[in-house]
Every structure is written in C-alpha cells, then in structure tokens.
Amino acid sequence: MLELAIFLTLVLFALVVSQPLFYLVALGRASHALSAPAYVELRQQVNAVMNVRLVPLYGATFASVAWLAWAALARGESLLAAAALFALAGLVADGVLAVRRNVPINALMSGWSPASPPADWEAQRARWSAAFSVRQIVLSVTYAALLAGVVASR
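Parameters and conventions
- Residues numbered from 1 in each chain as written.
- Predicted model: local features only at pLDDT ≥ 70, side-chain atom pairs only at ≥ 80, totals over all residues.
- Heavy atoms only, no water.
- Core = buried A, V, L, I, M, F, W, Y, C linked by side-chain atoms within 4.5 Å.
- Buried < 20%, exposed > 50% of the residue type's maximum accessible area, 1.4 Å probe, protein only.
- Helix = DSSP H or I, 4+ residues; strand = E, 2+ residues; numbered from the N terminus.
- Contact = heavy atoms within 4.5 Å.
- Salt bridge = Lys/Arg side-chain N within 4 Å of Asp/Glu carboxyl O.
- Patch = residues over 30% accessible without salt bridge, like charges linked within 9 Å, V, L, I, M, F, W, Y side chains within 5 Å.
- Areas by Shrake-Rupley, 256 points an atom, 1.4 Å probe, with all protein chains shown as cover.
- 1 Å grid on protein atoms, 1.4 Å probe; cavity = no way out; pocket = protein on both sides within 12 Å on 5 of 7 lines; lining within 4 Å.
- Points joined across faces, edges and corners; volume = space filled by probe spheres on them.
- Nonpolar A, V, L, I, M, F, W, Y, C, P; charged D, E, K, R; others polar.
- Axes fitted to C-alpha atoms, helices over the stretch in contact; angles between N-to-C directions.
- Parallel < 35°, antiparallel > 145°, perpendicular 65-115°, else oblique.
- Left-handed = near helix turned anticlockwise from the far one by under 90°.

Among the nonpolar cores identified, the biggest contains 26 residues, and F13, L68 and L146 are the most heavily contacted of them. Contributions of two or more residues to this core are made by α1 (2–32), α2 (36–74), α3 (78–110) and α4 (121–153). Dropping the residues within four chain positions of it, F13 is found in contact with T61, V65, A87, L91, L139, T142, Y143 and L146.

Below, the discussion takes up the pattern of salt bridges. Considering all chains together, one arrives at six salt bridges under this definition. Where R154 meets E3, a salt bridge forms, and the shortest distance between an N and an O atom there is 3.9 Å. Of this pair, R154 sits in the segment after α4 while E3 sits in helix α1, and the two are 151 residues apart along the sequence. R154 gets classed as partly exposed once you look at its relative accessible area, which sits at 48%.

With that settled, consider a nonpolar patch on the surface. A surface patch of nonpolar side chains, about 390 Å² in accessible area, is lined by L4, F7, V11 and L15. Topologically, F7 is positioned in helix α1. We classify F7 as exposed; its relative accessible area is 55%.

With that settled, consider the layout of surface pockets. Considering only enclosed or pocket space, the largest pocket measures out at about 380 Å³ in volume. If you trace the largest pocket, you find 19 residues lining it, with N51, L54, A98, V103 and N106 closest to the centre. Those elements that provide at least two residues to the lining of the largest pocket are α2, α3 and α4. Split by residue class, the lining of the largest pocket holds ten nonpolar, seven polar and two charged. Roughly 250 Å³ of volume is contained in the second largest pocket. Elements with a minimum of two residues in the lining of the second largest pocket: α1, α2 and α4. The element contributing the most residues to the lining of the second largest pocket is α2, with seven residues. The residue makeup of the lining of the second largest pocket, split by class, is eleven nonpolar, two polar and two charged.

So, about the packing of α2 against α4. Two numbers describe how α2 lies on α4: the axes approach to 14 Å, and their chain directions differ by 25 degrees. For the element pair α2 / α4, the angle class is roughly parallel. For the pair α2 and α4, the sense of crossing is left-handed. Contact residues: A36, Y39, R43, Y58 and L68 in α2; W121, R125, W128, R135, L139 and L146 in α4. Split into classes, the residues belonging to the contact of α2 with α4 amount to eight nonpolar, no polar and three charged.

Another aspect to go through is the packing of α2 against α3. At a closest axis distance of 10 Å, the pairing of α2 and α3 adopts a crossing angle of 160 degrees. The orientation of α2 relative to α3 falls into the category roughly antiparallel. Of the two possible hands of crossing, α2 and α3 adopt the one that is left-handed. Here the residues of the contact of α2 with α3 sort into 18 nonpolar, five polar and two charged.

The next subject is the side chain of E77. Structurally, E77 is set in the loop between α2 and α3. You can call E77 buried: its relative accessible area is 16%.

See the structure below:
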C-alpha cells in the first residue's frame with residue numbers, strides 16, 4: 001500500500017509541478033515576447049483549460065500526499081512522512097498564493113478583449129508573473145524535497 005501511495009503521489013505531483021517548470025523553461029519567455037493581443041488570447045485559452053483541469057488535479061494530488069503521509073506514519077517511516085507533510089504544506093501554500101494573487105488577475109484577463117487590451121496589460125502581466133515565480137519556487141522546492149524524502153527512505 002505504501003509503494004502505491006508513493007507512486008501515485010510522485011506521478012500526480014509531477015503533473016502539478018510540470019506547469020511551473022514548463023513556464024520556467026519555455027512558456028514564460030515566449031509569453032513575454034508576445035504582442036498584447038496574442039498574450040491576451042493565450043492567457044484566456046490557457047486559463048479556460050486550467051480552470052477545468054487544475055482543481056481536480058490539485059485535489060487528487062492533495063489526497064494522495066495525505067494518503068502517503070498517513071501510510072508512512074503507519075509504517076513508522078518518519079522521514080518519508082515528514083517529506084509528505086512538507087509536500088502537503090507546499091501544495092497548500094501554492095494554492096493560497098494562486099487564489100490570492102494569480103486567480104484575481106486571471107479573472108481580469110478573462111474579461112479583456114484581445115483586439116483592445118487595457119493600457120496596463122503589461123503591468124498586469126508583470127504582477128501575474130511575479131506571483132507565479134513565487135509559486136514556481138514553492139512547488140519546485142516542495143517536489144525536490146518529496147523526491148529526496150522518497151529516495152532517502154528507500
């Protein structure tokens with residue numbers, strides 16, 4: 001049961017952390033090079049997809065990390081349990097940051113017209129990117145700690 005919890009958690013968390021890692025590797029720089037209409041259209045399309053897929057993914061990931069923490073504690077594997085609890089805290093922190101900082105900007109962007117974006121679209125993009133940068137760090141550090149905990153406990 002513990003092995004299944006480890007596998008499921010690593011797969012689901014990898015899906016969660018893939019978003020900020022891909023943004024770091026490619027999408028961030030590419031989106032900053034877009035014209036205003038192209039950027040608005042991109043954000044609106046990405047947000048529409050993410051609004052549908054991200055909440056269930058985060059829920060499943062949270063549940064699997066909680067299951068991993070419980071299973072590790074039940075088997076007396078304190079290092080693995082600590083890594084899972086740290087991962088749980090990282091997911092919560094990322095969720096809070098997203099809801100407080102990125103989601104309100106996403107909501108603004110959803111109402112923009114690609115043909116006539118607001119005059120402050122670049123400032124909003126910068127605010128969104130700054131908030132997402134913090135989330136990238138939180139999720140990357142959290143996932144690295146989870147991986148290290150799994151490897152060190154085996």
